[in-house]
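# Analysis of the macromolecular model
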Amino acid sequence: MQGLGGLAAVSMSGATVAEAEEALTEALPTDPHTRDTYRAIVDAIIPETPQLEDELGPEHVPGGLEVELEKFLVWDFNHFHEIRLETLANTGGTDPVTDDAPSADQLELSLEPGEADSDLDALLEVDGIDTAVIDAVIDDLNDLLATLSGGLLGSSDEITTDDFEETLDFGTIEALEITIDETVDEDETGPVDFDVFVETANETSNTAIQNYPYASLFTIVFDIVATEFILLGKNEDAIDRGNEEFPAGGTFVQLSREDRLRCLWSIVDGGAIDRLDGLLEPIVTDVGILKFVVMAVNGLHGFGYYTEWSGYEDTKTATPTDRALNVPPGKVQSRRQTEYPGPQSGHAADWRHAVPGGFDDPEADELDLDSDLKGDDVLEGIGGDTP
Amino acid sequence: MNDPDVVIIGAGADGPATASRLAREHGLDVLVLEGGAWHGNEKWPKPHVDAGGTVSTDPDDLDGKLLDEQFTVLEAGANDPTFGYLRVGPADHSRAPWFRNVPQNAFLWQVSAVGGTSTHYFGNHPRGYPYAFDEQPHWPIDYEDLVPYYQLNEAVTSTQQAPMTNKEEVFIEGAEGAGYDRLDTLNVTETGWRPQPNAVEDPPDELNSNFDGSFSWDDGFRGDALAADHFQGGPTPEGAPVREKARKSSNTSWVPRALDTNENESVGNVAIRPNAYVTDIKTDEGAGNLEATGVEFRDTWSGSTVTVEADVTVLAAGCIESPRLWLNSGLPDDGWVGKGLTTHWFDWIVGVYPDDAVEDINGEPNMDPFVGHNSAVRFDKPGVGGMEDIGMSPGLVSFANYLFSQAGYSFDVEVDPDEPWDSRGYVVGEELKRRMADYRNTKALLILTDDLPRQDNGVSLDDTFADEHGAVPEIRWEPHPDDDAKRDELSRIAARIHKEAGAEHVHRCDWPPLFLHMQSSMRMGKVVDENAEAYNVDRLFVGDHSALANGVGGPNPTNSGQALSLRTADRIGELYF
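These numbers were taken from a predicted model, which means no experiment stands behind them. (Residues numbered from 1 in each chain as written. Chains lettered and ligands numbered in written order. Predicted model: local features only at pLDDT ≥ 70, side-chain atom pairs only at ≥ 80, totals over all residues. Heavy atoms only, no water.)

## Focus on the confidence of the model for chain A
The line we're drawing: Here pLDDT means the predictor's own confidence in every residue, given as a number from 0 to 100. Should any heavy atoms of two residues lie within 4.5 Å, those residues are considered in contact.
For chain A, mean pLDDT is 85; residues scoring 70 or higher make up 82% of the total. Low pLDDT (under 50) marks residues 1–26 of chain A, which in the prediction has 53 contacts with non-local residues, meaning those over four places away or in another chain.

Structure representation (structure tokens):
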């Protein structure tokens, strides 16, 4: 188990930041399930498009997977929230400053689908989830199903625990553990190091990360949300239980491209995280953040694919100060698709002033402002202080 | 500076303006504390790698070529919210950004650095609408009171009408075709279009389509290079000294002007300390009211804490951090601290143009959104809001045009046939790639709604997560139905302008909340009085955009925030010194 506080101490010293950076620029902490889940999202938003070759040219064929955009998503999610020792509820030392500060236990997760009879059993082994929670979730789903027509199961069928169990699939994960050292000195401060252990049939990974390892957790969430999505019959296309393109993924990657996105949208606009709160809360400390995550899942394709990011090549997931642009920013794959030349020091262009002589601007004491707005400038009933 | 008269919390767009004014006009010694990094300063040659110096008072510390090295104008390198050099987070880029809890489909866009969020802005400096001061019942001061301060700010920031290039000509064609006239004033009371008043120097006269010279300062180039680099930090002309960069964000305008006070013995002095995150506002019990006595700050590299005493404390940490610090300091809250946040309830209306439509207007088949100012022409409709024409690099374009929506995915969104747009929502897959292939002839119009302050909207302390500075901010914002109605009207106008100019496809993104223009979370009339002094804490002033009483009607807020801060400096000088 990775010790905790080591990088914190380095960071606090200020003298050996290079060592901290070295630790943080190790290979991208990911596992096949996480990788394939984000690959399935990248494939839905920026797919390979051979059908555009004749019309627009061969440069428009490759998509986000060709530049490993999933690494961008994983890196960003794993680097956007630092948890600090002094803010945890049970590490002693400084008093936690919030009413409901998470304890170390709440930030840890142990999920072992391979050790149980089913993924659902494994989920029920996670601290905070018990059979009463899954019963409540299924009751909610059935209430909702009664209001829907059609659906995979047919509107007259009720969802059972067995249905949930059969649909929920965490892919290749045989064990996922997120742990932090419990033997922390009370007066230690600084970023917590999380240890992420993932075991699959073919490989294990054990990675220390200085931030909360959200990337893997979100893919677990997406599988659970996809299970609800399928049970409610919201998928418009047939599911593909043996999706060979993303073989390590779970329930989520079984959905078609558009259904994957519809599934994510059910987090924002479909009430999914409210109905699934009991299942998700032990996995993600603040379930409300998942709506922000869906915003980011979409938006990050803009910050990644359509920027120069892929030009950082093998440094694309290094610490920012260690990234090196090895491909000119106007020459990366997406820029050949947009014809953007990359940053320039200036452009030769004809320009003019629209208002000859400049704006009319009297001194304040000579201002003669018409106090009544003209014409259709005021919408009826709008204006003034609102409650 | 161990014994400042005034300590200012935050060196963003507004803090340095206040500091300069206090030193120059009132002879005061001012210490400005900034939580983020300082770019383009010799004392911090590698501001994201090691701690560097502690404080800077010498204008000769500023180094434009160093700024060029740091502001690479690479899109992801600049703007990525997690690793970009223009992010909100500790200067140490081996660490994560500072966490803000935004539990909704929304995006919060801030920069922690000397210059603050003005380090990544378009430089748009319109004034607030007189309507927003005089005819909305929020403001305790008149529009005319602020005009001299607008004029001062516009002089220091070289604010003037922006240059028109191809993309602007297309907008003008559409606006005039839709029946709107040109406005020739800075004090807008009527509906129409006009060039943006931008805090960017003009391009030189010889810069035209035949120009084949160098854009380097060392080769004699002066003014704006039409490089469309402003949102990535805007360091052109390359090689220019910091104060001669064309775009006058706070770090290239008010900061050098503030540091110049140290070379003038007849005025006060200004010191700026980056990497200094204020964690507590110190107070004493006064005669009936609390009285601010200074601050405690934490060095973001070493973790050590320092206490600073001052006669007056100015809170200028922005619309999120100012209320967060207030609340984390345990200062009194009577219900409006952090509340009333306005954000111009943006939307984004995209037009894709055929080559021949653009060629008919310009004689050239492409608009090229990477040429010219990022935003050089606008539409104003006092009482409702405004809009502005935008050109950006493709990463930002793909995010803003197609990957940020509250409507869902366009393949599932039915469009009302009575509405003037052809599609709505996220655009993905093959369609996204087709649209981005039209990047050079695509332009968007940013809708800026006159959303009004509501007590339910704003910043509170998150009850779950904290960082080294205390409980993190939690931000929630929902539009009022009146705000939705105004936004819909402006969106329809934008779509008509696109179609009048010849767009073949108009897309309404239907953005969720984007917290980029933020105003009024510590608003005048509720948290602070007409001097911008806190009602509940004497000698504590709010000197940033959060003190604005509303969203100034919809125009971009920087000019108004800075003008109000300059006025506040005068009020501080007159009240306490």
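Once the structure has been displayed, the description carries forward.
## So, the packing of helix H10 (residues 214–231) of chain A against helix H11 (residues 257–269) of chain A
All names here are of chain A. Operational definition: Lines are fitted to the C-alpha atoms to define the axes, a helix being fitted only along its stretch in contact, and any angle between axes, read from their N-to-C directions, falls within 0 to 180 degrees. We count a stretch as a helix when DSSP gives it H or I for four or more residues in a row; a strand needs E for two or more, and each element gets its number in order from the N terminus. Our angle categories are set so that under 35 degrees counts as roughly parallel, over 145 as roughly antiparallel, 65 to 115 as roughly perpendicular, and the remainder as oblique.
Direction vectors running N to C along H10 and H11 enclose 100°, while the axes themselves pass 9 Å from each other. Comparing their axes, H11 and H10 come out roughly perpendicular. Taking contact as the criterion, the partners of Phe222, Val225, Ala226 and Phe229 in H10 are, on H11, Asp259, Arg262, Cys263, Leu264, Ser266 and Ile267.

## Details of the pairing of strand E11 (residues 312–315) of chain B
Residues and elements named next belong to chain B. For the record, the criterion: Only protein chains enter the area calculation, which uses a 1.4 Å probe; residues under 20% of their type maximum are buried, those over 50% are exposed, and those in between are partly exposed. In this description, strands pair whenever DSSP reports at least two bridges between them.
Neither face of E11 is exposed, since Val312 and Val314 on one face and Thr313 and Leu315 on the opposite face are all buried. Pairing of strand E1 (residues 6–9) with E11, which is carried by 4 bridges, proceeds in the parallel orientation. Within E11, the position partnered with Ile9 by the bridge is Leu315. Across 3 bridges, the pairing between E11 and strand E22 (residues 540–542) is parallel. Within E22, the residue paired with Thr313 across the bridge is Leu540.

## Concerning the confidence of the model for chain B
When pLDDT is averaged along chain B, the result is 97, and 100% of the positions lie at 70 or above. ipTM for the predicted complex: 0.96, alongside a pTM of 0.95.

## Regarding the interface of chain A and chain B
Defined as follows: The buried area of a pairing is the accessible area, by a 1.4 Å probe, that goes missing from both parts when the two are put together, added over both. For this analysis, a salt bridge means a side-chain nitrogen from Lys or Arg found within 4 Å of a carboxyl oxygen belonging to Asp or Glu.
At the interface, 113 residues of chain A touch 128 residues of chain B. Across the chain A to chain B interface the summed buried area is about 10100 Å²; carbon plus sulfur atoms make up 60%. When the buried surface of chain A facing chain B is broken down by residue, Phe303(A), Trp351(A) and Phe359(A) rank first, second and third, together holding 8% of it. Inspection of the chain A/chain B interface yields 8 salt bridges.

## Things to note about the packing of helix H1 (residues 15–26) of chain B against helix H13 (residues 558–576) of chain B
All names here are of chain B. The condition that has to hold: Two helices cross in a left-handed way if the nearer one is turned anticlockwise from the farther one by less than a right angle. They cross in a right-handed way if the turn is clockwise.
The geometry of H1 relative to H13 is characterised by a closest axis approach of 8 Å and an angle of 40° between their N-to-C directions. Between H1 and H13, the angle is such that the two are oblique. Considering only the axes of H1 and H13, their crossing is right-handed. Across from Ala17, Thr18, Arg21, Leu22 and His26 in H1, the residues of H13 making contact are Ser565, Leu566, Ala569, Asp570, Ile572, Gly573 and Glu574.

## What about the pattern of salt bridges?
Where charged atoms from two side chains of opposite charge come close, those side chains can pair. Applying the stated criterion across every chain, the model contains 52 salt bridges over all chains. Arg39(A) is paired through a salt bridge with Asp36(A); the nearest N and O atoms lie 3.2 Å apart. Pair noted here: Arg39(A) and Asp36(A) are both in helix H3 (residues 32–45), with a separation of 3 residues, about one helical turn. Look at Asp36(A) and you get buried, because its relative accessible area is 4%. For the salt bridge of Glu430(B) with Arg434(B), the shortest nitrogen-to-oxygen distance reads 3.1 Å. Residue Glu430(B) and its partner Arg434(B) are located together in helix H11 (residues 429–437), separated by 4 residues, close to a single helical turn. Using a relative accessible area of 28% as the deciding quantity, one classes Glu430(B) as partly exposed.

## Structural notes on the sheet that holds E11(B)
Residues and elements named next belong to chain B. Across the sheet, 5 strands lie side by side as E7-E2-E1-E11-E22; this open sheet has parallel pairing. Edge positions in the sheet fall to strand E7 (270–273) and E22, since each of these pairs with one other strand and no more. Taking the axes of each pair of neighbouring strands and ignoring which way they run, one obtains an average angle of 20° across the sheet. Of the strands in this sheet, E1, strand E2 (30–33) and E7 are in contact with H1, which crosses E1 at around 165°.

## Some remarks on the sheet that holds strand E12 (residues 347–352) of chain B
All names here are of chain B. Reading across the sheet, the 7 strands line up as E5-E13-E14-E16-E12-E19-E15 and stay open at both edges, with mixed pairing between neighbours. Here the strands that pair on one side only, and so sit at the sheet edges, are strand E5 (192–195) and strand E15 (423–424). Summarising the sheet, strand E13 (residues 377–381) and strand E14 (residues 385–390) pair through 4 bridges and their orientation is antiparallel. Directly across from Phe379, in E14, lies its bridge partner Met387. Strands E12, strand E16 (442–449) and strand E19 (505–508) of the sheet are contacted by helix H10 (residues 394–402), whose axis makes an angle of about 110° with E12.

## Brief notes about empty space enclosed by the protein
Selection rule: Definitions used throughout: a 1 Å grid over protein atoms alone; a cavity as a set of points that fits a 1.4 Å probe which cannot get out; a pocket as an open set with protein on both sides within 12 Å along at least five of seven lines; a lining residue as one with an atom within 4 Å of a point. Grid points are joined across faces, edges and corners, and a volume is the space filled by probe spheres set on the points.
Taken as a whole, this structure holds 12 cavities of 30 Å³ or more when the rule is applied. The space that makes up the second largest cavity amounts to roughly 420 Å³. As for the second largest cavity, its lining consists of 27 residues, of which Phe80(A), Phe292(A), Pro81(B), Phe107(B) and Leu108(B) are closest to the centre. Secondary-structure elements contributing two or more residues to the lining of the second largest cavity are helix H5 (69–77) and helix H14 (289–304) of chain A together with strand E3 (107–108) of chain B.

## Quick notes on the packing of aromatic side chains
Threshold: Stacked, tilted and edge-to-face are the three classes assigned to paired rings of Phe, Tyr and Trp, where Trp is represented by its six-membered ring and a pair needs centres within 6.5 Å; plane angles under 30 degrees give stacked, over 60 edge-to-face, the rest tilted. Whether a charge lies above a ring is judged from NZ of Lys or CZ of Arg, which has to be within 6 Å of the ring centre and within 35 degrees of the ring normal.
A full pass over the atoms with the stated rule returns 46 aromatic pairs over all chains. Taking the centre distance of 5.2 Å and the plane angle of 75° together, the rings of Phe72(A) and Trp309(A) count as edge-to-face. Of this pair, Phe72(A) sits in helix H5 while Trp309(A) sits in the loop between H14 and helix H15 (333–338); the two residues are 237 residues apart in sequence, bridging distant segments of the chain. For the pair shown, Phe72(A) and Trp309(A) are each scored as buried. With 6.1 Å between their ring centres and 50° between their planes, Tyr143(B) and Tyr150(B) make a pair best called tilted. Overall, Tyr143(B) belongs to the buried group, its relative accessible area being 0%. With a relative accessible area of 0%, Tyr150(B) lands in the buried category. The side chain of Arg222(B) reaches across the aromatic face of Trp217(B), ending 3.4 Å from its centre. A cation over a ring is seen here: Arg523(B) above Trp336(B), with NZ or CZ 5.1 Å from the ring centre.

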